[in-house]
Amino acid sequence: MAKYHIYGIGNALVDMEYEVTPEDLGILGIDKGVMTLVDEHQQLSIMEHLKSHHPQRGSGGSAANSIIAFSQFGGKGFYSCKVADDELGHFYMKDLIEGGVDTNHHTEKDQGHTGRCVVLVTPDSDRTMCTFLGVSGNLSTQELVEEALCDSDWFYTEGYLVTSDSARAASIEAKRIAEAAGVKTAISLSDPNMVKFFKPGLLEMIGSGVDLLFANEFEAMGMAGSDDLHQAVDYLKTIARHFAITRGPKGALVWDGRALIEIDPVRVEPVDTVGAGDMFAGAFLYGLSQGWSHQRAGDLASAASARLVTTLGPRLPTEETLSILKAF
(Lines give C-alpha, C1' and ligand atoms only; values in the text may rest on other atoms or scores of the structure.)
Protein backbone atom coordinates (compact mmCIF):
# COMPACT_ATOMS: atom_id res chain seq x y z
CA MET A 1 0.00 0.00 0.00
CA ALA A 2 1.13 3.52 -0.82
CA LYS A 3 1.84 5.86 2.07
CA TYR A 4 -0.44 8.54 0.60
CA HIS A 5 -3.70 8.24 -1.28
CA ILE A 6 -3.02 11.53 -3.05
CA TYR A 7 -0.12 13.89 -3.68
CA GLY A 8 -0.99 17.40 -4.83
CA ILE A 9 0.84 20.46 -6.03
CA GLY A 10 -0.71 23.90 -6.19
CA ASN A 11 -0.80 27.48 -5.05
CA ALA A 12 -0.67 28.32 -1.35
CA LEU A 13 -3.04 31.25 -0.87
CA VAL A 14 -4.57 32.65 2.28
CA ASP A 15 -8.22 33.29 1.39
CA MET A 16 -9.72 36.59 2.56
CA GLU A 17 -13.45 36.23 1.92
CA TYR A 18 -15.77 39.26 1.79
CA GLU A 19 -19.52 39.55 1.24
CA VAL A 20 -20.06 42.33 -1.31
CA THR A 21 -22.63 43.75 -3.73
CA PRO A 22 -22.50 43.88 -7.54
CA GLU A 23 -22.08 47.64 -7.11
CA ASP A 24 -18.82 47.01 -5.23
CA LEU A 25 -17.53 45.00 -8.18
CA GLY A 26 -18.54 47.80 -10.55
CA ILE A 27 -16.75 50.44 -8.49
CA LEU A 28 -13.64 48.26 -8.32
CA GLY A 29 -13.80 47.44 -12.04
CA ILE A 30 -13.60 43.68 -11.44
CA ASP A 31 -14.99 41.02 -13.80
CA LYS A 32 -17.64 39.01 -11.96
CA GLY A 33 -17.48 35.25 -11.46
CA VAL A 34 -13.88 34.54 -12.49
CA MET A 35 -10.38 34.64 -11.06
CA THR A 36 -8.21 37.62 -11.99
CA LEU A 37 -4.51 37.90 -11.17
CA VAL A 38 -3.61 41.25 -9.60
CA ASP A 39 -0.44 42.77 -8.17
CA GLU A 40 -0.05 43.52 -4.49
CA HIS A 41 -0.92 47.21 -4.89
CA GLN A 42 -4.17 46.40 -6.71
CA GLN A 43 -5.14 43.86 -4.08
CA LEU A 44 -4.40 46.23 -1.19
CA SER A 45 -6.56 48.88 -2.92
CA ILE A 46 -9.44 46.38 -3.05
CA MET A 47 -8.98 45.54 0.62
CA GLU A 48 -8.88 49.25 1.48
CA HIS A 49 -12.20 49.76 -0.32
CA LEU A 50 -13.63 46.90 1.79
CA LYS A 51 -12.07 47.94 5.10
CA SER A 52 -15.49 48.24 6.74
CA HIS A 53 -16.11 44.55 5.98
CA HIS A 54 -14.85 41.71 8.15
CA PRO A 55 -13.27 38.97 6.04
CA GLN A 56 -13.16 35.29 6.89
CA ARG A 57 -9.60 33.93 6.65
CA GLY A 58 -8.36 30.42 5.87
CA SER A 59 -5.73 28.45 4.00
CA GLY A 60 -6.74 28.09 0.39
CA GLY A 61 -5.71 27.47 -3.15
CA SER A 62 -7.82 25.21 -5.36
CA ALA A 63 -5.82 21.99 -5.02
CA ALA A 64 -5.26 22.61 -1.30
CA ASN A 65 -9.02 22.87 -0.74
CA SER A 66 -9.52 19.55 -2.55
CA ILE A 67 -6.81 17.74 -0.63
CA ILE A 68 -7.96 19.09 2.74
CA ALA A 69 -11.49 17.87 1.92
CA PHE A 70 -10.00 14.52 0.87
CA SER A 71 -8.22 14.35 4.23
CA GLN A 72 -11.39 15.25 6.15
CA PHE A 73 -13.15 12.27 4.58
CA GLY A 74 -10.40 10.07 5.97
CA GLY A 75 -7.86 9.92 3.15
CA LYS A 76 -4.14 10.56 3.51
CA GLY A 77 -2.79 13.46 1.47
CA PHE A 78 0.43 15.35 0.79
CA TYR A 79 0.54 18.89 -0.62
CA SER A 80 3.57 20.62 -2.13
CA CYS A 81 3.38 24.41 -2.12
CA LYS A 82 5.39 27.58 -1.48
CA VAL A 83 4.89 30.18 1.27
CA ALA A 84 7.00 33.04 2.57
CA ASP A 85 8.61 33.39 5.99
CA ASP A 86 5.88 35.77 7.15
CA GLU A 87 2.83 35.68 9.42
CA LEU A 88 0.51 34.47 6.65
CA GLY A 89 3.00 31.78 5.65
CA HIS A 90 3.18 30.37 9.17
CA PHE A 91 -0.61 30.61 9.46
CA TYR A 92 -0.99 28.72 6.17
CA MET A 93 1.30 25.84 7.08
CA LYS A 94 -0.26 25.48 10.53
CA ASP A 95 -3.77 25.45 9.04
CA LEU A 96 -2.74 22.88 6.41
CA ILE A 97 -1.17 20.51 8.94
CA GLU A 98 -4.12 20.88 11.33
CA GLY A 99 -6.30 19.90 8.35
CA GLY A 100 -4.53 16.53 8.36
CA VAL A 101 -2.37 17.14 5.29
CA ASP A 102 1.38 16.44 5.17
CA THR A 103 3.46 19.01 3.30
CA ASN A 104 6.93 20.16 2.28
CA HIS A 105 7.31 22.13 5.52
CA HIS A 106 11.03 21.39 5.49
CA THR A 107 11.53 23.59 2.41
CA GLU A 108 13.36 26.82 3.18
CA LYS A 109 10.90 29.72 3.19
CA ASP A 110 11.54 32.74 0.97
CA GLN A 111 11.52 36.33 2.03
CA GLY A 112 8.63 38.20 0.46
CA HIS A 113 4.91 37.74 0.82
CA THR A 114 2.72 34.65 1.04
CA GLY A 115 0.02 34.66 -1.64
CA ARG A 116 -3.45 36.00 -0.88
CA CYS A 117 -6.77 35.54 -2.61
CA VAL A 118 -9.46 38.16 -2.02
CA VAL A 119 -12.74 36.31 -2.55
CA LEU A 120 -15.77 38.51 -3.22
CA VAL A 121 -19.13 36.81 -2.69
CA THR A 122 -22.22 38.51 -4.12
CA PRO A 123 -25.84 37.96 -2.95
CA ASP A 124 -26.44 35.53 -5.85
CA SER A 125 -23.82 33.27 -4.16
CA ASP A 126 -21.36 33.76 -7.03
CA ARG A 127 -17.67 34.16 -6.23
CA THR A 128 -15.19 36.53 -7.81
CA MET A 129 -11.50 36.16 -6.96
CA CYS A 130 -8.62 38.63 -7.10
CA THR A 131 -5.37 36.78 -6.52
CA PHE A 132 -1.93 38.09 -5.62
CA LEU A 133 0.31 35.05 -5.94
CA GLY A 134 3.23 36.43 -3.94
CA VAL A 135 5.99 33.81 -3.60
CA SER A 136 3.57 31.11 -4.80
CA GLY A 137 4.19 32.49 -8.28
CA ASN A 138 7.75 31.15 -7.87
CA LEU A 139 6.61 27.61 -7.07
CA SER A 140 9.10 25.30 -8.78
CA THR A 141 10.51 21.79 -8.89
CA GLN A 142 12.36 22.68 -5.68
CA GLU A 143 9.09 22.22 -3.76
CA LEU A 144 8.49 18.71 -5.13
CA VAL A 145 9.05 15.82 -2.74
CA GLU A 146 9.70 12.93 -5.11
CA GLU A 147 9.70 10.27 -2.41
CA ALA A 148 6.17 11.24 -1.30
CA LEU A 149 4.94 11.56 -4.89
CA CYS A 150 6.17 8.08 -5.84
CA ASP A 151 4.59 6.66 -2.67
CA SER A 152 1.09 7.87 -3.62
CA ASP A 153 -1.87 6.38 -5.47
CA TRP A 154 -2.82 9.65 -7.21
CA PHE A 155 -1.08 12.82 -8.37
CA TYR A 156 -3.33 15.90 -8.54
CA THR A 157 -2.63 19.39 -9.84
CA GLU A 158 -4.59 22.56 -10.51
CA GLY A 159 -4.94 24.53 -13.74
CA TYR A 160 -4.10 27.78 -11.94
CA LEU A 161 -0.41 26.78 -12.07
CA VAL A 162 -0.45 27.47 -15.80
CA THR A 163 0.03 31.21 -15.19
CA SER A 164 3.57 30.77 -13.81
CA ASP A 165 6.36 29.37 -16.00
CA SER A 166 8.17 27.74 -13.05
CA ALA A 167 4.96 26.35 -11.50
CA ARG A 168 3.79 24.97 -14.84
CA ALA A 169 7.18 23.32 -15.30
CA ALA A 170 6.94 21.85 -11.78
CA SER A 171 3.51 20.40 -12.55
CA ILE A 172 4.76 18.88 -15.80
CA GLU A 173 7.79 17.37 -14.06
CA ALA A 174 5.63 15.99 -11.24
CA LYS A 175 3.34 14.34 -13.80
CA ARG A 176 6.36 12.79 -15.52
CA ILE A 177 7.63 11.39 -12.20
CA ALA A 178 4.15 10.12 -11.33
CA GLU A 179 3.68 8.32 -14.64
CA ALA A 180 7.13 6.72 -14.38
CA ALA A 181 6.20 5.43 -10.91
CA GLY A 182 2.78 4.11 -11.96
CA VAL A 183 0.92 6.83 -10.03
CA LYS A 184 -2.43 7.85 -11.54
CA THR A 185 -2.70 11.48 -12.71
CA ALA A 186 -5.48 14.04 -12.31
CA ILE A 187 -5.92 17.74 -13.11
CA SER A 188 -8.58 20.39 -12.56
CA LEU A 189 -8.93 23.09 -15.21
CA SER A 190 -9.80 25.44 -12.30
CA ASP A 191 -11.33 28.52 -13.98
CA PRO A 192 -12.80 29.68 -17.32
CA ASN A 193 -10.12 32.38 -17.55
CA MET A 194 -7.38 29.75 -17.38
CA VAL A 195 -8.92 28.07 -20.42
CA LYS A 196 -9.58 31.36 -22.21
CA PHE A 197 -6.10 32.83 -21.83
CA PHE A 198 -3.79 29.86 -21.15
CA LYS A 199 -5.17 26.90 -23.14
CA PRO A 200 -1.80 26.01 -24.79
CA GLY A 201 -0.17 25.87 -21.33
CA LEU A 202 -2.96 23.66 -19.99
CA LEU A 203 -2.50 21.28 -22.90
CA GLU A 204 1.20 21.21 -22.09
CA MET A 205 0.37 20.25 -18.48
CA ILE A 206 -2.04 17.55 -19.69
CA GLY A 207 0.58 16.23 -22.09
CA SER A 208 -0.28 12.84 -23.59
CA GLY A 209 -3.37 12.67 -21.39
CA VAL A 210 -4.40 12.28 -17.76
CA ASP A 211 -6.29 9.55 -15.95
CA LEU A 212 -8.85 12.01 -14.58
CA LEU A 213 -9.84 15.58 -15.46
CA PHE A 214 -12.21 17.94 -13.64
CA ALA A 215 -13.91 20.89 -15.35
CA ASN A 216 -17.10 22.85 -15.13
CA GLU A 217 -19.18 23.01 -18.31
CA PHE A 218 -17.82 26.42 -19.36
CA GLU A 219 -14.22 25.23 -18.99
CA ALA A 220 -15.00 22.03 -20.88
CA MET A 221 -16.63 23.90 -23.76
CA GLY A 222 -13.78 26.42 -23.79
CA MET A 223 -11.23 23.64 -24.15
CA ALA A 224 -13.26 22.15 -26.99
CA GLY A 225 -13.74 25.54 -28.67
CA SER A 226 -17.46 24.87 -28.84
CA ASP A 227 -20.63 26.04 -27.11
CA ASP A 228 -22.05 22.52 -27.48
CA LEU A 229 -21.63 20.40 -24.35
CA HIS A 230 -21.83 17.14 -26.33
CA GLN A 231 -18.88 18.25 -28.47
CA ALA A 232 -17.03 19.17 -25.28
CA VAL A 233 -17.62 15.67 -23.93
CA ASP A 234 -16.22 14.15 -27.12
CA TYR A 235 -13.18 16.42 -26.94
CA LEU A 236 -12.38 15.61 -23.31
CA LYS A 237 -12.33 11.91 -24.22
CA THR A 238 -9.24 12.67 -26.34
CA ILE A 239 -7.22 14.14 -23.44
CA ALA A 240 -8.50 12.25 -20.37
CA ARG A 241 -9.29 8.59 -19.73
CA HIS A 242 -11.95 9.63 -17.19
CA PHE A 243 -13.47 13.03 -16.41
CA ALA A 244 -16.12 14.86 -14.44
CA ILE A 245 -17.94 17.95 -15.72
CA THR A 246 -19.72 19.87 -12.98
CA ARG A 247 -22.89 21.76 -13.96
CA GLY A 248 -23.94 23.58 -10.78
CA PRO A 249 -27.66 23.08 -10.10
CA LYS A 250 -27.83 20.61 -13.03
CA GLY A 251 -25.54 18.12 -11.30
CA ALA A 252 -22.58 16.63 -13.16
CA LEU A 253 -21.55 14.37 -16.02
CA VAL A 254 -18.96 11.66 -15.38
CA TRP A 255 -17.15 9.60 -18.02
CA ASP A 256 -15.89 6.33 -16.54
CA GLY A 257 -14.06 5.25 -19.68
CA ARG A 258 -17.04 3.31 -21.03
CA ALA A 259 -20.22 5.24 -20.29
CA LEU A 260 -21.36 8.78 -19.57
CA ILE A 261 -23.02 8.88 -16.16
CA GLU A 262 -25.43 11.62 -15.08
CA ILE A 263 -24.92 12.64 -11.46
CA ASP A 264 -28.07 14.11 -9.94
CA PRO A 265 -27.87 17.46 -8.18
CA VAL A 266 -28.75 17.85 -4.51
CA ARG A 267 -31.24 20.70 -4.24
CA VAL A 268 -30.15 23.41 -1.80
CA GLU A 269 -30.40 27.17 -1.37
CA PRO A 270 -26.85 28.37 -2.17
CA VAL A 271 -25.15 31.04 -0.09
CA ASP A 272 -21.58 30.91 -1.40
CA THR A 273 -20.17 28.83 -4.27
CA VAL A 274 -16.51 29.35 -3.25
CA GLY A 275 -14.73 26.00 -3.30
CA ALA A 276 -17.65 23.98 -4.68
CA GLY A 277 -15.60 22.56 -7.54
CA ASP A 278 -12.68 21.91 -5.19
CA MET A 279 -14.94 19.99 -2.81
CA PHE A 280 -16.40 18.00 -5.70
CA ALA A 281 -12.90 16.99 -6.82
CA GLY A 282 -11.76 16.09 -3.29
CA ALA A 283 -14.83 13.99 -2.56
CA PHE A 284 -14.76 12.28 -5.96
CA LEU A 285 -11.09 11.40 -5.62
CA TYR A 286 -11.74 10.08 -2.12
CA GLY A 287 -14.45 7.77 -3.44
CA LEU A 288 -12.20 6.45 -6.20
CA SER A 289 -9.35 5.95 -3.72
CA GLN A 290 -11.65 3.67 -1.72
CA GLY A 291 -12.48 1.58 -4.75
CA TRP A 292 -15.94 3.05 -5.26
CA SER A 293 -17.68 3.17 -8.63
CA HIS A 294 -17.72 6.46 -10.54
CA GLN A 295 -21.47 6.68 -9.87
CA ARG A 296 -21.08 6.37 -6.10
CA ALA A 297 -18.07 8.72 -6.01
CA GLY A 298 -20.03 11.24 -8.08
CA ASP A 299 -23.02 11.04 -5.76
CA LEU A 300 -20.77 11.69 -2.75
CA ALA A 301 -19.14 14.62 -4.55
CA SER A 302 -22.52 16.07 -5.46
CA ALA A 303 -23.80 15.79 -1.88
CA ALA A 304 -20.63 17.30 -0.39
CA SER A 305 -20.42 20.24 -2.80
CA ALA A 306 -24.14 20.95 -2.32
CA ARG A 307 -23.67 21.07 1.46
CA LEU A 308 -20.64 23.34 1.03
CA VAL A 309 -22.49 26.03 -0.94
CA THR A 310 -25.00 26.47 1.90
CA THR A 311 -22.23 27.98 4.07
CA LEU A 312 -19.55 30.64 3.73
CA GLY A 313 -16.02 29.55 2.92
CA PRO A 314 -14.28 26.87 0.84
CA ARG A 315 -14.58 23.99 3.30
CA LEU A 316 -16.78 22.35 5.90
CA PRO A 317 -15.94 21.39 9.49
CA THR A 318 -14.51 17.87 9.61
CA GLU A 319 -17.44 16.52 11.60
CA GLU A 320 -19.88 17.78 8.95
CA THR A 321 -17.80 16.22 6.16
CA LEU A 322 -17.83 12.90 8.01
CA SER A 323 -21.60 13.10 8.50
CA ILE A 324 -22.01 13.32 4.69
CA LEU A 325 -19.72 10.33 4.26
CA LYS A 326 -21.68 8.33 6.83
CA ALA A 327 -24.76 8.54 4.59
CA PHE A 328 -22.78 6.62 1.95
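Residues numbered from 1 in each chain as written. Predicted model: local features only at pLDDT ≥ 70, side-chain atom pairs only at ≥ 80, totals over all residues. Heavy atoms only, no water.

If you check an unreviewed UniProt entry, the protein appears there as Adenosine kinase from Allochromatium humboldtianum. Of the comments in the UniProt record for the protein, the one headed Sequence similarities (unreviewed entry) reads "Belongs to the carbohydrate kinase PfkB family." (UniProt positions renumbered as here; feature names shortened; annotations may be inferred.)

### Some points on the overall build of the protein
Counting secondary structure elements, the protein contains 12 helices and 14 strands. Since a compact globule built from 328 residues should have a radius of gyration of about 20 Å, the 18 Å found for the protein is in line with a globular shape. Counting contacts in the protein only where the partners sit at least 6 residues apart, residues at least 24 apart contribute 76% of the total. Accessible surface, the protein: about 13400 Å² in total, of which carbon and sulfur atoms supply 51%. Here the protein contributes 26 positive and 45 negative side-chain charges, whose respective centroids are spaced 4 Å apart. (Helix = DSSP H or I, 4+ residues; strand = E, 2+ residues; numbered from the N terminus. Rg over C-alpha atoms; globule rule 2.2 N^0.38 Å. Contact = heavy atoms within 4.5 Å. Areas by Shrake-Rupley, 256 points an atom, 1.4 Å probe, with all protein chains shown as cover. Lys, Arg positive; Asp, Glu negative; His and termini not counted. Charge placed at Lys NZ, Arg CZ, Asp CG, Glu CD.)

### Quick word on the pattern of salt bridges
Applying the stated rule across the entire model yields 18 salt bridges. Residues Arg-116 and Glu-40 are paired through a salt bridge, measuring 3.9 Å at the closest nitrogen-oxygen approach. One end of the pair, Arg-116, is in strand β7 (residues 115-121); the other, Glu-40, is in helix α2 (residues 40-49), and 76 residues separate them in sequence. Arg-116 gets classed as buried once you look at its relative accessible area, which sits at 9%. In this structure, Arg-168 and Asp-165 form a salt bridge, with 3.0 Å as the shortest nitrogen-oxygen distance. Here Arg-168 pairs with Asp-165, and both are found in helix α6 (residues 165-180), just 3 residues apart, close to one helical turn. (Salt bridge = Lys/Arg side-chain N within 4 Å of Asp/Glu carboxyl O. Buried < 20%, exposed > 50% of the residue type's maximum accessible area, 1.4 Å probe, protein only.)

### What to know about the side chain of Thr-131
When you line up the elements, Thr-131 lands in strand β8 (residues 127-132). Not counting chain neighbours up to four residues away, the residues in contact with Thr-131 comprise Leu-13, Met-35, Thr-36, Leu-37, Val-38, Gln-43, Arg-116 and Cys-117.

### A few points about the pairing of strand β9 (residues 152-158)
Summarising burial for β9: 6 of the 7 residues are buried, a large majority. Sheet topology note: the strand β1 (residues 4-9)/β9 ladder contains 5 bridges and is parallel. Its bridge partner being in β9, Ile-6 is matched across the sheet by Trp-154. (Pairing = 2+ DSSP bridges.)

### What to know about the nonpolar core
One finds Tyr-79, Tyr-92, Phe-214 and Phe-284 to be the most contacted residues of the largest nonpolar core, which totals 58 residues. Ranked by residues supplied to this core, first place goes to helix α10 (residues 276-289) with 8 residues. Sequence-distant contacts of Tyr-92, that is, excluding residues within four places in its chain, are made with Asn-11, Ala-12, Leu-13, Val-14, Ser-59, Gly-60, Ala-64, Tyr-79, Cys-81 and Val-83. Counting residues in hydrophobic clusters, the runner-up holds 50 residues, among them Leu-13, Phe-155, Val-183 and Leu-229. (Core = buried A, V, L, I, M, F, W, Y, C linked by side-chain atoms within 4.5 Å.)

### Let's talk about the state of the cysteines
In this structure the tally under the stated criterion is 0 disulfides. Sulfur of Cys-130: no disulfide; nearest cysteine sulfur belongs to Cys-117 and is 7.7 Å away. Classification of Cys-130 as buried rests on a relative accessible area of 2%. (Disulfide = S-S within 2.5 Å.)

### Thoughts on the side chain of Thr-122
Counting through the fold element by element, Thr-122 comes out in the loop between β7 and β8. For Thr-122, the contacting residues outside a window of four places in its chain are Val-20, Thr-21, Pro-22, Leu-25 and Lys-32.

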